[in-house]
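Next come the chains, spelled out residue by residue.
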Amino acid sequence: MSNRRRPSPSQRTVDGRTAVITGAGSGIGAAVARRLAAHGCPVALADRDEDGLAATAEAIGGGDRTVLTRALDVRDRQGLMAFAAEVAAWAPQPLGMVFNNAGVTAVQGVADSAPEDDEWVHEVNFGGVVHGVRAFLPILLAQGSGAIVNTSSVFGLVGFPHQSAYCASKFAVRGYTEALRHELRGTGVRAVVVHPGGVRTNIVRNSRYRADFGGRNPTLQEAVADFDALARTTPERAAEIIHSGVNRGRARILVGHDAHLFDALARIAPARAYDVLHALEPLARLGQTRVAA
Ligand SMILES: NC(=O)c1ccc[n+]([C@@H]2O[C@H](COP(=O)([O-])OP(=O)(O)OC[C@H]3O[C@@H](n4cnc5c(N)ncnc54)[C@H](O)[C@@H]3O)[C@@H](O)[C@H]2O)c1
């Protein structure tokens, strides 16, 4: 008889169990950390940004049995292995969820892209996920439960101009996580891929920015203002959707109405998806004006 069955609700829920979150010093990672802590999860937080980490830990409060912080760069495989050992020794509750969330973007055209910026994006967005899985999967397999939650993007569903390295890294996260999910059948451990649409965070502010989607070159400040106008979902709402998706046993989680549109277009018209999204952009801006008014 096959032992391949869906986890029971009690195996699925992450509430009350220890959660690990990379990129927890800002945006979606910080919001997920705050939300999970509010649902009784001890949280182990990592980020290269020590100040951001400290701010997230302070917002959570509760002391060193509730929050563990570690400044590290997810490109550092040994650093992540050491962090996993530290978390295993610290965790007040069994590990429920490992959130490989840290990410960056470089916005530039392929023809004149800086190779070091492409490498940076691949190493953080894909390398960081692979290192995080390698470090924490043995712990989850040994206990026979828990979820690996890897952050892709809607740019892991549809290719966008001037986001080639970012799209490639996010398509890679998606493929890697789907492959892992099938390998994990019967182990009690799950692999989940998250595809956020636009979420109002520091992602563009923290980017290496050379050109927008149209190949124009606004200042970083203009690009940030534009992103803030188009990105509809708050980090808190994103955290709510992700938390609920993991607790419900979802294998893939779409964050925001725009993510559902990307997903539908990628299926219905894969070769034209970007063109349709590009044509709809003025409507998205109009909607923003109405919302703001
Ligand atoms: N904001 C969006 O619209 C959006 C959309 C789709 C996917 N995502 C993805 O969501 C994830 C979270 O991004 P966000 O939007 O919250 O952005 P953010 O910039 O607000 O937060 C990202 C965090 O990752 C950290 N980080 C970056 N490089 C790191 C490294 N090498 N090592 C350790 N930490 C590092 C940053 O310091 C920051 O705290 C990323 O993977 C991003 O690609 C975001």
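Residues numbered from 1 in each chain as written. Predicted model: local features only at pLDDT ≥ 70, side-chain atom pairs only at ≥ 80, totals over all residues. Heavy atoms only, no water.

Participant: Help me understand the pairing of strand E7 (residues 189-196) in this model?
Facilitator: A regular strand carries its side chains on alternate faces of the sheet. In terms of burial, E7 is a largely internal element, eight of the eight residues being buried. Going residue by residue along E7, you find Val189, Ala191, Val193 and His195 tucked away on one face and Arg190, Val192, Val194 and Pro196 tucked away on the opposite face as well. As paired strands, strand E6 (residues 146-151) and E7 are joined by six bridges and run parallel to one another. By the bridge assignment, Gly146 is partnered in E7 with Val189. Regarding topology, helix H6 (residues 164-183) serves as the crossover connection from E6 to the parallel E7, and that connection is right-handed. (Buried < 20%, exposed > 50% of the residue type's maximum accessible area, 1.4 Å probe, protein only. Helix = DSSP H or I, 4+ residues; strand = E, 2+ residues; numbered from the N terminus. Pairing = 2+ DSSP bridges. Right-handed = clockwise from strand over helix to strand, strands pointing away.)

Participant: Got a minute to help me understand the sheet that holds E6 in this structure?
Facilitator: Sheet strands line up and pair through hydrogen bonds in the backbone, either parallel or antiparallel. Strand order in the open sheet made by the seven strands is E3-E2-E1-E4-E6-E7-E9, with parallel pairing throughout. Every other strand in the sheet has two partners, leaving strand E3 (67-71) and strand E9 (252-255) as the edge strands with one partner each. Averaged over all adjacent pairs, the angle separating strand axes in this sheet is 15°, with direction ignored. Here strand E1 (residues 18-22) runs beside strand E4 (residues 95-100); their pairing, made up of four bridges, is parallel. (Axes fitted to C-alpha atoms, helices over the stretch in contact; angles between N-to-C directions.)

Participant: Whenever I open this one, the pattern of salt bridges confuses me. Can you help?
Facilitator: Think of it this way: side chains of opposite charge can pair up when their charged atoms draw near. What the rule picks out here adds up to 11 salt bridges. Here Arg70 and Glu86 are joined by a salt bridge, their closest N and O atoms 2.6 Å apart. Taken together, the residues span a long stretch of sequence, with Arg70 in strand E3 and Glu86 in helix H4 (residues 77-90) at a distance of 16 residues. Since its relative accessible area comes to 34%, Arg70 is described here as partly exposed. Residue class for Glu86 comes out partly exposed when judged on its relative accessible area of 24%. Linked through salt bridges whose partners overlap, the residues forming this network are Asp117, Arg208 and Arg210. (Salt bridge = Lys/Arg side-chain N within 4 Å of Asp/Glu carboxyl O.)

Participant: It is not clear to me how the UniProt feature "domain: Ketoreductase" (unreviewed entry) in the chain should be interpreted in this structure. Could you clarify?
Facilitator: Residues annotated by UniProt as "domain: Ketoreductase" (unreviewed entry) correspond here to residues 17-200. This span, residues 17-200, is 47% helix and 20% strand, and a straight line between its end C-alpha atoms measures 28 Å. (UniProt positions renumbered as here; feature names shortened; annotations may be inferred.)

Participant: Looking at this model, I keep getting lost on the site of the ligand. Mind explaining?
Facilitator: In the vicinity of the ligand lie 30 residues, with Ser26, Asp47, Asn101, Tyr166 and Thr201 positioned nearest. At a separation of 2.8 Å, an oxygen atom of the ligand approaches a polar backbone atom of Asn101. Protein burial of the ligand: of its 830 Å² of free accessible surface, 97% is covered by the chains. (Near = heavy atom within 4 Å. Polar contact = N/O pair within 3.5 Å; in protein donor to acceptor, adjacent residues only side chain to side chain. Areas by Shrake-Rupley, 256 points an atom, 1.4 Å probe, with all protein chains shown as cover.)

Participant: Looking at this model, I keep getting lost on the pairing of strand E2 (residues 43-47). Mind explaining?
Facilitator: For E2, a buried count of five out of five residues is recorded, marking the element as mostly surrounded by other parts of the structure. Residue alternation in E2 divides its side chains into two sets, Val43, Leu45 and Asp47 and Ala44 and Ala46, and both sets are buried. Here E1 pairs with E2 via four bridges, running parallel. Bridge pairing in E2 places Ala19 opposite Val43.

Participant: Sorry if this is basic, but what is going on with the environment of Ala55 here?
Facilitator: In this fold, Ala55 is placed in helix H3 (residues 50-60). Residue classification places Ala55 among the partly exposed residues on the basis of a relative accessible area of 45%. Once the C-alpha coordinates of Ala55 and Glu178 are considered, the two residues, 123 residues apart in sequence, prove to be 33 Å apart.

Participant: What am I meant to see in the packing of aromatic side chains here?
Facilitator: Applying the stated criterion to the full structure yields seven aromatic pairs. The interplanar angle of 85° and the centroid separation of 6.0 Å between the aromatic rings of Phe155 and Tyr166 together place this pair among those described as edge-to-face. Placement of Phe155 in the loop between E6 and H6 and of Tyr166 in helix H6 is noted, with a sequence separation of 11 residues between them. Ring plane angle 40° and centroid distance 6.2 Å describe the contact between Phe155 and Phe262, whose orientation is recorded as tilted. Taken together, the positions of Phe155 in the loop between E6 and H6 and Phe262 in helix H9 (residues 257-268) put the pair 107 residues apart, joining distant regions of the chain. By relative accessible area, Phe262 is classed as buried at 9%. Joined through ring pairs, the aromatic side chains of Phe155, Phe160, Tyr166, Phe262 and Tyr274 make up one cluster. For the cation-ring pair, Arg208 lies above Trp120, with the distance from its terminal atom to the ring centre recorded as 3.9 Å. (Phe/Tyr/Trp six-rings, centres within 6.5 Å; stacked < 30°, edge-to-face > 60°. Lys NZ or Arg CZ within 6 Å of the ring centre and 35° of its normal.)

Participant: For this particular structure, what's the right way to read the packing of helix H2 (residues 27-38) against H3?
Facilitator: Each pair of packed helices can be described by the angle between their axes along with the distance between the axes. Relative orientation of the contacting elements H2 and H3 amounts to 25°, with a least axis distance of 10 Å. Classified by the angle between their axes, H2 and H3 sit roughly parallel to one another. Pair H2 / H3 crosses with right-handed handedness. Seen from H2, the contacting residues are Ala30, Ala33, Arg34 and Ala37; seen from H3, they are Thr56, Ala59 and Ile60. Here the contact of H2 with H3 is composed, by residue class, of five nonpolar, one polar and one charged. (Parallel < 35°, antiparallel > 145°, perpendicular 65-115°, else oblique. Left-handed = near helix turned anticlockwise from the far one by under 90°. Contact = heavy atoms within 4.5 Å. Nonpolar A, V, L, I, M, F, W, Y, C, P; charged D, E, K, R; others polar.)

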